[in-house]
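# Structural characterization, general
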Amino acid sequence: MQKENEKGHSWGLIPLIVFIGIFLGSGIVTQDFTFMPLNVAAIIGVIVALMMKPKEKWTHKVEVFAQKAGHPNIVLMMLIFILAGAFSKTAEAMGGVSSIVNLGLSLIPQNFLIVGIFLICMFISISMGTSVGTVAAIAPVGFGISEATDIPAALAMATVVGGAMFGDNLSMISDTTIAAVRTQHTKMSDKFKVNFRIVLPGAIVTLVILWWLTYNSHIDQTHEYDFEFIKVIPYLFVLILAIIGVNVILVLLGGIALSGIIGMLYQDFKLAGFLKAASEGIVAMEDIAMIALLIGGMIGLVEYYGGITWLLNFVENRIRSRRGAEFGIAGLVSVADISTANNTISIIMTGPLAKDIAKEYDIDPRKSASILDIFGSAFQGFIPYSPQLIAAAGVAGISPVMLLPYSIYPVMLALCGVISIIFGWPKLKR
């Protein structure tokens, strides 16, 4: 029995297949990906998961769901969501969003607006170490720019996600980097150097493609883009704290407080208005936070039934060479991320097994750590139920699926990873 459990069970994936199938299938059939709400699809997946293994006690399965849904990473993600919502609304209520958008429209050449957003997100994310926090902070700005121009909202939101994934993949304080480095027993700085050399071409190509897609973007040149610089300060404050390396929770709390102070000083709202704006922001993110909780609990049951273990073993059993081993590590973390929609958890899950594979096939730990982080981050950027895409799409009021055709950098990130494996790049000295 123990041997069988170690192999896992393919039927354990049924809840995940049902969830993805209902969400994507209904969109394909109706040609409207907003037809099936993501929270309803997630609840259906959870119900299917709880109905499986009828001989098992119902209360025990509910406990497994609750424990996995309450994983520290899930709870932290939910907290970031609601704080980010409060920051977004309070900053908007005191005129911050319009000021920073108009500042950008005034200073950045119109052919480089989206390129500028991508660079800003890269910078903030690599400083903050969190893609979710970056998306939550910058998505309102990207959406504001899309409304002020003829740039599609889906392109603007996908660009925010792409820039956020660049930083999440490389940041020294990112959970994914820490997990990859620790599981592969290498150094942060060494992994960064290898990882950066692999992904830099993808970032450059992305910048060129974004410019090409938007160089004809139209802005009404007769319009005066007025802004008050003091109302841009909360965003600069968030950026500076991120650069210093302050925890994202403290960054968002500081941004909320500063937005409230500026708003009340300039009489954009009184205390009651500030509290109402913060509450509206929290409520706006409640649905996203609940989806994260439901998916976390559902994936926990999939793992409990042996579905994740089966997937990992399926990939591992097809490795035959060093190049195959590197593709195997990439496949392991990709499958885990597609299954869990959390790149940190996927790296933690697959890291020990990846270390064993790397040792057996003489793969440099700097390379194996980079592969883990690259493919975990890449798939996180273009699965429609990832927190990053859900958060970005939620700001724009569109379906996460609409972002997929514009998810340029995540695709480039994966492509760079594949090329590095095929050509053995970069060449590393022991």
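Residues numbered from 1 in each chain as written. Predicted model: local features only at pLDDT ≥ 70, side-chain atom pairs only at ≥ 80, totals over all residues. Heavy atoms only, no water.

## Description of the overall build of the protein
Put simply, the rule reads: For the purposes of this entry, the term helix denotes a DSSP run of H or I that reaches at least four residues, the term strand denotes a run of E that reaches at least two, and both are numbered from the N terminus. Any two residues whose heavy atoms approach within 4.5 Å at even a single point are treated as in contact. Using a 1.4 Å probe, accessible areas were evaluated by the Shrake-Rupley method; residue-level cover was limited to the displayed protein chains. Positive: Lys, Arg. Negative: Asp, Glu. His and the chain ends are not part of the count. To locate a charge, the coordinates of NZ of Lys, CZ of Arg, CG of Asp or CD of Glu are taken.
Helix and strand counts for the protein come out as 20 helices and 0 strands. Projected onto the principal axes, the alpha-carbon positions of the protein cover approximately 70 × 55 × 40 Å. Considering only contacts in the protein between residues 6 or more positions apart, those separated by 24 or more positions represent 80%. For the protein, the accessible area works out to roughly 18500 Å², and carbon and sulfur atoms hold 66% of it. Once the 27 positive and 28 negative side-chain charges of the protein are each reduced to a mean point, those two points are 13 Å apart.

## Regarding a nonpolar patch on the surface
Rules: What goes into a patch is any residue over 30% in relative accessible area without a salt bridge, connected to like charges within 9 Å or, for nonpolar side chains (Val, Leu, Ile, Met, Phe, Trp, Tyr), within 5 Å. Just to be clear on terms, a salt bridge is a Lys or Arg side-chain nitrogen sitting within 4 Å of an Asp or Glu carboxyl oxygen. When a residue's accessible area, from a 1.4 Å probe over protein chains only, is under 20% of the maximum for its type it is buried; when over 50% it is exposed; and in between it is partly exposed.
A grouping of Phe227, Phe229, Ile233, Leu236, Ile240 and Ile244 is seen on the molecular surface, where their side chains present a nonpolar patch of about 540 Å² in accessible area. Structurally, the position occupied by Phe227 is in the loop between α11 (188-214) and α12 (233-244). A relative accessible area of 34% means that Phe227 is categorised as partly exposed.

## Focus: the state of the cysteines
One covalent bond between the sulfur atoms of two cysteine residues makes up a disulfide. To be explicit about the condition: Note that a disulfide, as used here, is simply two cysteine sulfur atoms within 2.5 Å.
Summed over the entire model, instances satisfying the criterion amount to 0 disulfides. Residue Cys121 stays outside any disulfide, its sulfur separated by 19 Å from that of Cys416, the closest cysteine.

## What about the nonpolar core?
We apply this condition: For the purposes of this section, nonpolar cores are sets of buried Ala, Val, Leu, Ile, Met, Phe, Trp, Tyr and Cys residues that join through side-chain atoms within 4.5 Å.
One finds Phe19 and Leu403 to be the most contacted residues of the largest nonpolar core, which totals 129 residues. Per-element tally for this core: the top contributor is helix α14 (residues 271-304), with 13 residues. Residue contacts for Leu403: discarding those within four places in its chain leaves Ala154, Met157, Ala158, Val161, Leu389, Ala392, Ala393 and Ile398.

## Here we look at the environment of Leu415
Here Leu415 lies in helix α20 (residues 408-422). C-alpha separation for the pair Leu415 and Gly21, spaced 394 residues apart in sequence, amounts to 26 Å.

## A closer look at the packing of helix α8 (residues 131-148) against helix α9 (residues 153-170)
Applied cut-off: Axis lines are fitted to C-alpha atoms, over the contacting stretch for helices. Their N-to-C directions set the angle, which ranges from 0 to 180 degrees. In what follows, roughly perpendicular refers to angles from 65 to 115 degrees, roughly parallel to angles under 35, roughly antiparallel to angles over 145, and oblique to any angle outside these ranges. Crossing handedness: left-handed means the near helix sits turned counterclockwise from the far one by under a right angle, and right-handed means the same turn made clockwise.
One can describe the packing of α8 onto α9 by two numbers: an axis separation of 9 Å at closest approach and a directional angle of 150°. As the angle between them shows, α8 and α9 are arranged roughly antiparallel. As α8 packs across α9, the resulting crossing turns out to be right-handed. On the side of α8, the interface is formed by Ser131, Thr134, Val135, Ile138, Ala139, Gly142, Phe143 and Ser146, while α9 contributes Ala153, Ala156, Met157, Val160, Val161, Ala164, Met165 and Asp168.

## Here we look at the packing of aromatic side chains
Convention followed: Each pair of aromatic rings taken from Phe, Tyr and Trp, with Trp reduced to its six-membered ring, is defined by centres within 6.5 Å and is described as stacked if the planes are under 30 degrees apart, edge-to-face if over 60, and tilted in the remaining cases. Cation placement over rings: the criterion is NZ of Lys or CZ of Arg within 6 Å of the ring centroid and within 35° of the ring normal.
Applying the stated criterion across every chain, the model contains 8 aromatic pairs. Arranged with centres 5.3 Å apart and planes meeting at 25°, the rings of Trp211 and Tyr215 form a pair that is stacked. Here the aromatic cluster, defined as three or more aromatic residues joined through ring pairs, consists of Trp11, Tyr304 and Tyr305. Positioned over the ring face of Trp425 is Arg197, at 5.1 Å from the centre of the ring.

## Points about the pattern of salt bridges
Scanning the entire structure with this criterion turns up 8 salt bridges. Notably, a salt bridge pairs Lys53 with Glu56, separated by 3.4 Å at the nearest N-O pair. For Lys53, a relative accessible area of 35% corresponds to the partly exposed category. In this structure, Glu303 and Lys68 form a salt bridge, with 3.9 Å as the shortest nitrogen-oxygen distance. Residue Glu303 is located in helix α14, and its partner Lys68 is located in helix α4 (residues 58-69); the two are separated by 235 residues in the primary sequence. Accessibility expressed as a relative area gives 34% for Glu303, which makes it partly exposed.

## Describing the environment of Ser407
Our working definition: Whenever a nitrogen or oxygen atom comes within 3.5 Å of another N or O atom, the pair is scored as a polar contact, on the condition that within protein one atom can donate a hydrogen and the other can accept it, and that pairs from neighbouring residues in sequence are kept only if both atoms are in side chains.
For Ser407, the location among the structural elements is in the loop between α19 (387-396) and α20. Each C-alpha atom of the pair Ser407 and Gly300 lies 28 Å from the other, and the pair is 107 residues apart in sequence. Beyond its immediate chain neighbours, meaning those up to four positions away, Ser407 contacts Ala158, Gly381 and Phe382. Polar side-chain contacts of Ser407 include one of 3.1 Å to the backbone oxygen of Leu403.

## What to know about α19
Of all 10 residues in α19, 8 are buried, a share of seventy percent or more. Immediately downstream of α19, the backbone of Gly397 shows phi near 70°, a positive value.

## Regarding the side chain of Asp364
As for its position among the elements, Asp364 is in the loop between α17 (343-360) and α18 (365-380). A distance of 2.8 Å separates a polar atom in the side chain of Asp364 from the backbone nitrogen of Arg366.

## A word on the UniProt feature "transmembrane region" (unreviewed entry) in the protein
As a reminder of what qualifies: UniProt positions are given in the numbering used here, feature names are shortened, and annotations may be inferred rather than shown by experiment.
Residues annotated by UniProt as "transmembrane region" (unreviewed entry) correspond here to residues 12-29, 35-52, 73-91, 111-139, 194-213, 233-266, 287-312 and 406-425. Structurally, residues 12-29 is divided into 89% helix and 0% strand, and its ends, taken at the C-alpha atoms, are 26 Å apart. Secondary structure across residues 406-425 comprises 75% helix and 0% strand; the distance between its end C-alpha atoms is 27 Å.

## Structural notes on unusual backbone geometry
Omega for the peptide link from Trp425 to Pro426 comes to -5°, which places this bond in the cis form. Residue position: Pro426 is located in the segment after α20. Phi at Lys53 is positive, roughly 50°, even though this residue is not glycine. Unlike most non-glycine residues, Gln267 shows phi in positive territory, near 60°. Following the sequence through the fold, Gln267 ends up in the loop between α13 (248-265) and α14.

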